[in-house]
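# A look at the structure
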Amino acid sequence: MNNVNTAILDSDTGWLILAGFSVIWIWLGWFWGRKARQLDDFMLAGRNVGMALGVATAMATWVTSNTTMAAPQLALQLGIWGMLGYSLGSVGLMLFAPLAKRIHTLMPTGYTSGDFIRLRYGITAWRVFLVISLFYGIGWLISLGMAGGVLIHALTGIDYRLGMSIILAICVTYTLLGGLRAVIGTDFIQTIIILVGIVALAWLAIDKVGFEAMHASVLEERPELLNLLMPAAIMFLFNNLLFGVGEIFHSNVWWSRAFAFRQGVGFKAYLVAGIFWMPIPIVAGFVALATPALGLNIPAADMVGPMVAAKLLGVGGAILVFIVVFSALASSLDSLLAATSDLVLQDIYRGHLRPGASKEQLRKVARWVILLLGIVTWLLCLPRMTTLAALLHFTGAFVASTIWPIVAGLYLRKASSNGATLAMLSGTIMGLWSYFAIGFYVAALVSAVVSMLVVLIYMAIRPDDFEWKSLNEAVEEKSS
Amino acid sequence: MIVSSGFLSVMVMLALLITVAAPIVLIVLWFMDWKKGRLW
């Protein structure tokens, strides 16, 4: 992307927008975080989040820069199925709805997804899970940090390192000041901005180009994009579906929200968020089909969205896209920072280094963990090690291996510790093998299938008989 | 199996309709939670 000039805004305007939003998000982080003195207030927004903020935070976190930038790119490369396949990412959110309810019921005082694996499967499975989860969390953080730098550079010409440093610094600062409350509060505003922005852009494309002209020109120049039987796109669809489910089921980003939502909110919030998320890749993506009709020459496929916007709306369109992309980046980056730092704090610091740490001590350490995580991410983002897409596909092999151990662990007494550990290890190994031997588009699929088989076989030959009340640490502490 | 422009327009308009409804529903839910003091 660096090799071609794709800047649709001048850097002065870029700086102005960055400065304006930095002030707003940081002030809001401070404002919402000033009363968060207890650990539960900071880590889990007081465990009392209502429906509106619950739906918005699930939506905003799942709308990343990938959704807003890669949806048009996929439409340009894989056509109709590219958009539809991407929109199936919402299935993970909807399937997580009953899990969120179950998690809240079984673990009303839980903090992280690591807590669940530790209490349900024991130390070995917990450590394997932590490696997978932290690898994924840090991988996603790096990919988002890099995406921030790359996109800011591509849209405004601002240097990659400067752009990346600024977006990371903003997100670290307001997450550090306000914890999950700041993350969820800003997510609500960011969701509204993203939705209004992509609707405005889609409406303009329909108004200025129209479906007939769009269809006719694509049919003439790239008819395969309108073909419902495009094989590569169908493979993408299934892999993307499983990857999304794996990402959501295991990641502490979604578990921390299940713990943070008020009683009775989790199921409805995730279901509604999934329904509202589903059309976003279609609305954001179909504008790419206007490129032949607009006579646009696209130098880099991942810049198709902004370039169509700039062509349709001029400077206004470019500013709109920049704000939408910036909001999408921040809404995911802050959530991931908060959730990964919770995992480091609860499962590494408290779980391994300071088992006797009090909640007050943990509250103090929480901010340092966020800062440390921000610095580590920044350092790893500096050299731009790999492409965003490659890194994310690579993690698919890891996360898909956790789907069945988590689902079986939440619902089936028979699911055993050894079965879960082996399922995660063998699923990851086979997923990685298929990634290199076959291709990225089968890594998650192979990993999930192998993991499922191991969990099922172990349940059949060595069944456990788990006591559900062992998951509620508050009850366990009282009785012991 | 090439889709028609009619199929394309119905698919996109349906998606657009839900996406337009989303911020409206979110703001209504926000006011409902806010009135009951149940935002967070």
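Below is a summary of the structure that appears in this document.

Calculation rules
- Residues numbered from 1 in each chain as written.
- Chains lettered and ligands numbered in written order.
- Predicted model: local features only at pLDDT ≥ 70, side-chain atom pairs only at ≥ 80, totals over all residues.
- Heavy atoms only, no water.
- Helix = DSSP H or I, 4+ residues; strand = E, 2+ residues; numbered from the N terminus.
- Buried < 20%, exposed > 50% of the residue type's maximum accessible area, 1.4 Å probe, protein only.
- Contact = heavy atoms within 4.5 Å.
- Buried area = accessible area lost by both parts, 1.4 Å probe.
- Salt bridge = Lys/Arg side-chain N within 4 Å of Asp/Glu carboxyl O.
- Nonpolar A, V, L, I, M, F, W, Y, C, P; charged D, E, K, R; others polar.
- Polar contact = N/O pair within 3.5 Å; in protein donor to acceptor, adjacent residues only side chain to side chain.
- Patch = residues over 30% accessible without salt bridge, like charges linked within 9 Å, V, L, I, M, F, W, Y side chains within 5 Å.
- Areas by Shrake-Rupley, 256 points an atom, 1.4 Å probe, with all protein chains shown as cover.
- Phe/Tyr/Trp six-rings, centres within 6.5 Å; stacked < 30°, edge-to-face > 60°.
- Lys NZ or Arg CZ within 6 Å of the ring centre and 35° of its normal.

Each helix and strand counted, chain B has one helix and zero strands in total. The principal-axis extents of the C-alpha atoms in chain B amount to approximately 55 × 15 × 10 Å. Across the 40 residues that make up chain B, the buried fraction comes to 38%.

Before going further, it helps to examine the interface of chain A and chain B. Interface size, as often reported, equals the accessible area lost upon joining of the parts. Taken together, the 43 residues of chain A in the interface contact 27 residues of chain B. Regarding the contact of chain A and chain B, the summed buried area is about 3,200 Å², with carbon and sulfur atoms giving 84% of it. Of all residues in chain A, the largest losses of buried area upon contact with chain B belong to Phe211, His215 and Phe276 of chain A, amounting jointly to 17% of the total for that side. Viewed at the interface, chain B and chain A are joined by zero salt bridges. Secondary-structure elements contributing two or more residues to the side of chain A that touches chain B are helix H3 (51–62), helix H4 (65–87), helix H8 (160–208), helix H9 (211–221), helix H12 (266–277) and helix H13 (280–285) of chain A. No other element matches H8 of chain A, which puts 12 residues into the side of chain A that touches chain B. A breakdown of the residues in the side of chain A that touches chain B according to their chemical character gives 34 nonpolar, six polar and three charged.

Moving on: the environment of Gln263 of chain A. Residue and element names in this part refer to chain A. Tracing the backbone shows Gln263 in the loop between helix H11 (252–260) and H12. Along the chain, Gln263 and Ser22 lie 241 residues apart, while their C-alpha atoms are 33 Å from each other. For Gln263, the side chain forms a polar contact with the side chain of His104, separated by 3.3 Å.

Together, Leu425, Ile429, Met430, Trp433, Ile438, Phe440 and Tyr441 of chain A line one region of the surface with nonpolar side chains, adding up to about 670 Å² of accessible area. When its relative accessible area of 41% is taken as the criterion, Leu425 of chain A is described as partly exposed.

Our focus in this paragraph is the packing of aromatic side chains. Residue and element names in this part refer to chain A. Counted according to the given criterion, the structure contains 22 aromatic pairs over all chains. Among the aromatic side chains, those forming a connected cluster through ring pairs are Trp62, Tyr86, Phe96, Phe249, Trp254, Phe261, Tyr270 and Trp277. Here Arg102 stacks its cationic end above the ring of Trp468, 4.8 Å away from the centre of that ring. The residue whose ring lies beneath Arg120 is Phe466, and the NZ or CZ to ring-centre distance is 4.1 Å.

Just geometry here; none of it tells us what the structure is for.
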